[in-house]
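Letter by letter, the chains look like this.
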Amino acid sequence: MENMIDYKEIINLRGAGLMKSYLNSLDRRYNYIILAENFYLDDSKEKAIKFYQKALKFPGDEDDTIDILYNIAFIYDEMDNIKEALKAYREITKADNKEAGAYYGMATLYERLGEKRRALENYFKAAEINPEYDRAYFYIANIYDEIGEKEKAIKYYKKVIELVPEDYIAYNNLGSIFEELNDYHKAYEMVKKSIDINPNYYKALFNMGVIQKKLRNLKKAVEYYNKSIKENNTYPYSFLNKSVIYIEQGRIKEAIDVLTEGIEYNPYAEYLYYNRACCYAKLNKKDEAFNDLRKSILLYPDFINIMKEDLDLENLYDDERFKDLLNKVENIKH
């Protein structure tokens with residue numbers, strides 16, 4: 001009896017071995033994921049990707065596989081390796097073609113590549129899968145705005161607001177489009193709504209300044225530009241537009257003060273230097289004007305084409321430094 005083979009025990013042992021092998025594979029996948037996460041936290045992104053890819057070689061459930069692929073895509077995106085990030089997102093859609101986030105991720109990458117039509121295609125795919133995907137609609141609207149299809153942009157910003165009634169950025173962007181279309185009443189209503197939701201959003205405060213100027217409410221325009229500057233003094237357009245109002249009113253010294261403050265916070269805003277140069281020229285302060293012209297051209301050489309015909313600089317036309325400046329820039333171009 002002691003030599004009798006217990007076949008039931010053999011089957012049990014075999015099954016246990018297979019189970020142990022499967023558990024070992026799961027353990028190894030999990031261990032590689034932990035290693036990848038640790039390398040990522042240590043800012044070793046390439047090693048993180050390496051271990052995520054090792055984890056994918058072992059079996060696991062589909063959700064875990066998709067999570068790993070998302071992490072790979074995000075890291076490649078952070079590394080600015082758009083080609084590999086796109087590849088990871090495509091792998092996700094192969095695993096599950098209903099993953100709206102993967103199409104959204106691809107859309108953002110195509111936008112960065114300047115491929116707006118392909119970006120739109122993928123944003124629309126994300127929204128088709130998930131009709132509540134408000135950010136997909138937001139960037140659809142944004143692209144349509146950028147390519148000049150304003151009515152479509154309006155349509156999709158309204159869709160965003162329908163889904164997220166408190167989206168103050170969508171209201172502001174809508175207002176900006178209506179302002180471009182010279183519909184100042186609608187522009188005012190949209191930007192006002194944006195400010196009502198978030199009184200501290202600098203772009204809405206700036207846009208309200210633009211609208212008030214168009215409505216010839218110059219005092220209010222300046223007030224809103226001041227509010228925008230208070231919220232974000234690194235947004236140079238608020239200083240620029242405020243200075244333009246003062247220039248048009250003949251308050252040149254005050255305009256110079258505004259531009260000088262703007263330059264202090266935005267030292268690479270070329271148009272602030274250029275406009276200050278124009279102000280100095282009006283006051284016949286030629287040395288200061290030329291200093292600012294040189295700086296503006298250094299930052300943006302195409303100013304040279306504007307200088308040639310800018311009547312605000314006519315006090316400088318006969319100065320040899322003006323001619324030398326034109327010649328130097330022309331020689332650099334050639």
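Preceding this section is the structure that the text describes.
Residues numbered from 1 in each chain as written. Predicted model: local features only at pLDDT ≥ 70, side-chain atom pairs only at ≥ 80, totals over all residues. Heavy atoms only, no water.

Peer 1: Give a detailed account of the overall build of the protein chain, specifying residues and quantitative values.
Peer 2: Counting secondary structure elements, the protein chain contains 18 helices and zero strands. Against the 2.2 N^0.38 benchmark of 20 Å for 334 residues, the protein chain shows a C-alpha radius of gyration of 30 Å, more extended than a compact globule. A burial count over the protein chain gives 43% of its 334 residues as buried. Across the protein chain, every contact between residues at least 6 apart in sequence was considered, and the portion connecting residues at least 24 apart equals 47%. (Helix = DSSP H or I, 4+ residues; strand = E, 2+ residues; numbered from the N terminus. Rg over C-alpha atoms; globule rule 2.2 N^0.38 Å. Buried < 20%, exposed > 50% of the residue type's maximum accessible area, 1.4 Å probe, protein only. Contact = heavy atoms within 4.5 Å.)

Peer 1: Which residues make up the nonpolar core, and what values do they have?
Peer 2: In this structure, Y89 and Y123 are the most contacted members of the largest nonpolar core, which totals 65 residues. Excluding residues within four positions of it along the chain, Y89 makes contact with Y70, A73, F74, G101, A102, G105, M106 and L109. Formed by 40 residues, the second largest nonpolar core is a distinct cluster that contains Y235, L240, A255 and C279. (Core = buried A, V, L, I, M, F, W, Y, C linked by side-chain atoms within 4.5 Å.)

Peer 1: Can you explain helix 7 (residues 134-146)? Please cite residues and give values.
Peer 2: Its 13 residues give helix 7 an end-to-end C-alpha distance of 19 Å, which sits within 8% of 18 Å, the value for a rise of 1.5 Å per residue. In terms of burial, helix 7 is a largely internal element, ten of the 13 residues being buried. Restricting attention to buried positions, one finds in helix 7 the residues D134, A136, Y137, F138, I140, A141, N142, I143, Y144 and D145. Buried positions along helix 7 lie against helix 5 (100-112), helix 6 (116-129), helix 8 (150-163) and helix 9 (168-180). Immediately beyond the C-terminal end of helix 7, within one or two residues, lies G148, with a positive phi of roughly 90°. (Expected span 1.5 Å × (residues − 1).)

Peer 1: Tell me about the packing of aromatic side chains, and please be specific about residues and values.
Peer 2: On inspection of all chains with the given rule, the structure shows 26 aromatic pairs. Seen in terms of ring centroids, Y104 and Y133 are 5.0 Å apart; in terms of plane orientation they differ by 20°. Their pairing is stacked. With Y104 in helix 5 and Y133 in the loop between helix 6 and helix 7, this residue pair connects regions lying 29 residues apart in the sequence. For the pair shown, Y104 and Y133 are each scored as buried. By way of ring pairs, the aromatic residues Y168, Y201, Y202, F206, Y225, Y235, Y237 and Y271 are connected into one cluster. (Phe/Tyr/Trp six-rings, centres within 6.5 Å; stacked < 30°, edge-to-face > 60°.)

Peer 1: Go over the packing of helix 13 (residues 236-248) against helix 15 (residues 270-282), please, and point to the residues and values.
Peer 2: Between two packed helices, what matters for the description is the angle formed by their axes and the separation of those axes. Contact geometry for helix 13 and helix 15: axes closest at 10 Å, N-to-C directions at 20°. Looking at the two axes, helix 13 sits roughly parallel to helix 15. Handedness of the helix 13/helix 15 crossing: left-handed. On the side of helix 13, the interface is formed by P236, Y237, F239, L240, S243, V244 and I247, while helix 15 contributes Y271, L272, N275, C279 and K282. Considered class by class, the residues forming the contact of helix 13 with helix 15 number nine nonpolar, two polar and one charged. (Axes fitted to C-alpha atoms, helices over the stretch in contact; angles between N-to-C directions. Parallel < 35°, antiparallel > 145°, perpendicular 65-115°, else oblique. Left-handed = near helix turned anticlockwise from the far one by under 90°. Nonpolar A, V, L, I, M, F, W, Y, C, P; charged D, E, K, R; others polar.)

Peer 1: Give a detailed account of the environment of N130, specifying residues and quantitative values.
Peer 2: Note that N130 resides in the loop between helix 6 and helix 7. Each C-alpha atom, one on N130 and one on A88, is 20 Å from the other, the two residues being 42 residues apart in sequence.

Peer 1: Hey, could you go over the state of the cysteines for me, with residue numbers and the actual values?
Peer 2: Scanning the model with the defined rule gives zero disulfides in all. No disulfide involves C278; its sulfur sits 7.0 Å from the nearest other cysteine sulfur, which is in C279. Residue classification places C278 among the buried positions, given a relative accessible area of 7%. (Disulfide = S-S within 2.5 Å.)

Peer 1: Hey, could you go over the pattern of salt bridges for me, with residue numbers and the actual values?
Peer 2: This model, assessed by the stated rule, comprises 23 salt bridges. Across the salt bridge formed by R118 and E115, the nearest N and O atoms sit 3.5 Å from each other. Residue R118 is classed as partly exposed on the basis of its relative accessible area of 41%. For E115, a relative accessible area of 30% translates into the label partly exposed. Residue D145 pairs with K150 through a salt bridge whose shortest N-O separation is 2.4 Å. For the pair D145 and K150, one class covers both residues: buried. Taken together, the shared-partner salt bridges in this structure form one network comprising D43, K45 and E78. (Salt bridge = Lys/Arg side-chain N within 4 Å of Asp/Glu carboxyl O.)

Peer 1: Which residues make up the environment of I49, and what values do they have?
Peer 2: Structurally, I49 can be placed in helix 2 (residues 45-55). The class of I49 is buried, set by a relative accessible area of 3%. In this structure, the C-alpha to C-alpha distance between I49 and I72, residues 23 residues apart in sequence, is 5.9 Å. Ignoring anything within four residues of it in the chain, the contact list for I49 reads I75, Y76 and M79.

Peer 1: Pulling in residues and values, what's your account of the packing of helix 15 against helix 16 (residues 286-299)?
Peer 2: Between helix 15 and helix 16, the shortest axis-to-axis distance is 8 Å and the interhelical angle comes to 155°. Relative to helix 16, the element helix 15 lies roughly antiparallel. Once helix 15 is placed against helix 16, the crossing between them reads as left-handed. Between helix 15, through E270, Y273, Y274, R276, A277, Y280 and A281, and helix 16, the contact on the second element is made entirely by E288, A289, D292, L293, K295, S296 and L299. Tallied by class, residues from the contact of helix 15 with helix 16 come to eight nonpolar, one polar and five charged.

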